[in-house]
Amino acid sequence: MPAVTVDDIMVLPRLPRPDVTETQRPVRRITSAHRQQEGAGFEVTRPFPSVDLRSADPFILLDQMGPVAYEPYEAKGAPWHPHRGFETVTYMLDGIMVHHDSQGGGGVIGEGDTQWMTAGSGMLHDELPDEKLVISGGTFHGIQLWVNLPRAKKFATPRYQDLRAGELTLVSSHDGGALVRIIAGELGGFTGPGSTQTPIAYAHASISPGAQLETPWPQHFTAMAYVLAGSGTVGADRRPIGPGQLVVFGAGDVISLTADTEQHTTTGDLEVLLLGGTPLREPVVQYGPFVMNTKEEIIQAMEDFQAGRMGTVPAEHLTGRRLGE
């Protein structure tokens, strides 16, 4: 980690230095992620939803999968399951994930790649480590973010965006101390390649030891930072942060994070996800893989799934397994 790097950060375009008149966003809270089992039994680190942060509007869930070094035949994934009412954004740092769906689609998400799946009206899919990783073992590390869809787009036609590592927008902080990979949305006049149904900003920053990242942030967006690895401080009052912690910012124009002078990470940097968006401020009713606005819509989703109206597992993937196994 990370999969997308540059040999010379100084050749990249730079984020503008925030003006002294701009307001730095205060730190509203810092929460620690919890761990739990998902899919066929792999562990994730989940900062939200949680007891401390039930709502991260417009996001539903954030899972850090790994980093983990699998032994041969130890790697597991998420077998066939349905989704409706939101989008999944899978960003891979190490390893490869293979995906299939009930519409005959799918693909490979390699290191540095992002797959943006709009589940919309509903579909079935699976997410599995690639065969080589399963057989030989190896490192696996990925992030999955669930982005809520507004009521008017809950039944959008399912679609994909496959964003390859080379398509991400790479910029540096104004002094060259941090590399920022913009996946979606706009930061300081630079826009990521992801096309969003719900307006959001999503980026991965690597901050060099002792360096500070100060970046403009859309004023009308919520703002959060999740620490993937490393340690540092956040905000004007320099509150300490470490791995698995999520920072929720208040209102303002600028967010800032500073890396400690010593980093005990594989990259040598403080690794952070930056995310936020326009709050939908709509009712959210979630039941497992369904995210709707009412209980009645959840019941309908379950009935549609059971009746096969979200699709069926293609015949070539049925051998030796049943749905949900």
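Because the structure is predicted, anything quoted here is derived from the model rather than measured.

> Mind showing me how you'd approach the overall build of the protein chain here?
Per the secondary structure count, the protein chain includes 2 helices and 26 strands. Compactness check: the protein chain gives a C-alpha radius of gyration of 19 Å against a globular reference of 20 Å for 325 residues, within 12% of the reference. Dimensions of the protein chain, computed from the C-alpha atoms along their principal axes, are close to 60 × 45 × 35 Å. Taking the contacts inside the protein chain whose residues are at least 6 apart along the sequence as the reference set, 74% of them involve residues at least 24 apart. As displayed, the protein chain offers around 13700 Å² of accessible surface, 50% of which is attributable to carbon and sulfur atoms. With 24 positive and 38 negative side-chain charges, the protein chain shows a spacing of 7 Å between the two charge centroids.

> Even after reading the chapter, I still don't get the pattern of salt bridges, so can you show me in this structure?
It is possible for side chains bearing opposite charge to pair when their charged atoms get close. Tallying each qualifying case throughout the model produces 6 salt bridges. In this structure, Arg46 engages Glu38 in a salt bridge whose closest nitrogen and oxygen atoms are separated by 3.2 Å. What makes Glu38 partly exposed here is its relative accessible area of 28%. Where Asp304 meets Arg84, a salt bridge forms, and the shortest distance between an N and an O atom there is 3.0 Å. Of this pair, Asp304 sits in helix α2 (residues 295-306) while Arg84 sits in the loop between β5 (78-83) and β6 (86-94), and the two are 220 residues apart along the sequence.

> Explanation requested: the environment of His34 in the structure shown.
Within the secondary structure, His34 is located in strand β2 (residues 34-38). Taking the C-alpha atoms as reference, His34 lies 9.6 Å from Gln245; in sequence the two are 211 residues apart. Aside from chain neighbours lying at most four places away, what touches His34 is Val44, Thr45, Arg46, Pro49 and Ser50. A distance of 3.1 Å separates polar atoms of two side chains, one belonging to His34 and the other to Gln36.

> I tried to follow the sheet that holds strand β7 (residues 97-101) on my own but got confused; where do I start?
Adjacent strands of a sheet form backbone hydrogen bonds with each other and so pair up, either parallel or antiparallel. With antiparallel pairing, the 4 strands of this open sheet are ordered in space as β5-β10-β7-β8. The open sheet has two edge strands with one neighbour each: β5 and β8 (106-109). Averaged over all pairs of adjacent strands, the angle between their axes in this sheet comes to 20 degrees, without regard to strand direction. Relative to β8, β7 is paired through 4 bridges, and the arrangement is antiparallel.

> It is not clear to me how the sheet that holds strand β22 (residues 245-249) should be interpreted in this structure. Could you clarify?
Read across the sheet, 7 strands follow the order β1-β22-β19-β24-β17-β14-β13 without closing on themselves; strand pairing throughout is antiparallel. Bordering the open sheet on either side are β1 (27-32) and β13 (169-172), each of which pairs with just one other strand. Put simply, the sheet's adjacent strands are angled 20 degrees from each other on average, direction ignored. Note: β1 against β22, 5 bridges, orientation antiparallel. In the strand pairing of β22, Arg29 is matched with Val248.

> Even after reading the chapter, I still don't get α2, so can you show me in this structure?
Residues lying three or four places apart along an α-helix face the same way, a consequence of the helix completing one turn every 3.6 residues. Given a rise of 1.5 Å per residue, 12 residues ought to cover 16 Å, and the 17 Å separating the end C-alpha atoms of α2 matches this to within 8%. What α2 keeps buried is the set Ile298, Ala301 and Asp304. Seen from one end, α2 has its buried residues packed into an arc of 125 degrees, which puts them on one side. In α2, those exposed residues whose orientation departs by more than 90 degrees from the buried face are Lys295, Glu296 and Gln306. In the core, the buried residues of α2 are packed alongside β25 (285-287) and β26 (290-292). Note on α2: the residue one or two positions beyond its end, Gly308, has a positive phi of about 80 degrees.

> I tried to follow the environment of Gly188 on my own but got confused; where do I start?
Structurally, the position occupied by Gly188 is in the loop between β15 (186-187) and β16 (190-191). Look at Gly188 and you get partly exposed, because its relative accessible area is 23%. Residues Gly188 and Leu15 lie 173 residues apart in sequence; the distance between their C-alpha atoms is 5.6 Å.

> What's the story with the environment of Ile60 in this structure? I'm lost.
As for its placement among the helices and strands, Ile60 is situated in strand β4 (residues 59-70). Along the chain, Ile60 and Val291 lie 231 residues apart, while their C-alpha atoms are 8.4 Å from each other. In this structure, Ile60 is in contact with Phe48, Pro49, Trp146, Asn148, Val284, Gln286 and Val291, ignoring residues within four places of it in sequence.

> In this structure, what is going on with the side chain of Thr88? I would like to understand it.
Structurally, the position occupied by Thr88 is in strand β6. Taking the relative accessible area as the measure of exposure, Thr88 reaches 1% and is therefore buried. In this view, Thr88 contacts His83, Gln115, Trp116, Met117, Gln144, Leu145 and Trp146; residues no more than four positions away in its chain are not counted.

> What is the right way to read the pairing of β22 from this model?
Looking along a regular strand, one sees side chains alternate from face to face of the sheet. For β22, a buried count of 4 out of 5 residues is recorded, marking the element as mostly surrounded by other parts of the structure. In this structure, strand β19 (residues 224-229) lies alongside β22, joined through 3 bridges in antiparallel fashion. Counted as the bridge partner of Tyr226 is Leu246 from β22.

About the cut-offs
- Residues numbered from 1 in each chain as written.
- Predicted model: local features only at pLDDT ≥ 70, side-chain atom pairs only at ≥ 80, totals over all residues.
- Heavy atoms only, no water.
- Helix = DSSP H or I, 4+ residues; strand = E, 2+ residues; numbered from the N terminus.
- Rg over C-alpha atoms; globule rule 2.2 N^0.38 Å.
- Contact = heavy atoms within 4.5 Å.
- Areas by Shrake-Rupley, 256 points an atom, 1.4 Å probe, with all protein chains shown as cover.
- Lys, Arg positive; Asp, Glu negative; His and termini not counted.
- Charge placed at Lys NZ, Arg CZ, Asp CG, Glu CD.
- Salt bridge = Lys/Arg side-chain N within 4 Å of Asp/Glu carboxyl O.
- Buried < 20%, exposed > 50% of the residue type's maximum accessible area, 1.4 Å probe, protein only.
- Polar contact = N/O pair within 3.5 Å; in protein donor to acceptor, adjacent residues only side chain to side chain.
- Pairing = 2+ DSSP bridges.
- Axes fitted to C-alpha atoms, helices over the stretch in contact; angles between N-to-C directions.
- Expected span 1.5 Å × (residues − 1).
- Arc of directions from axis to C-beta.

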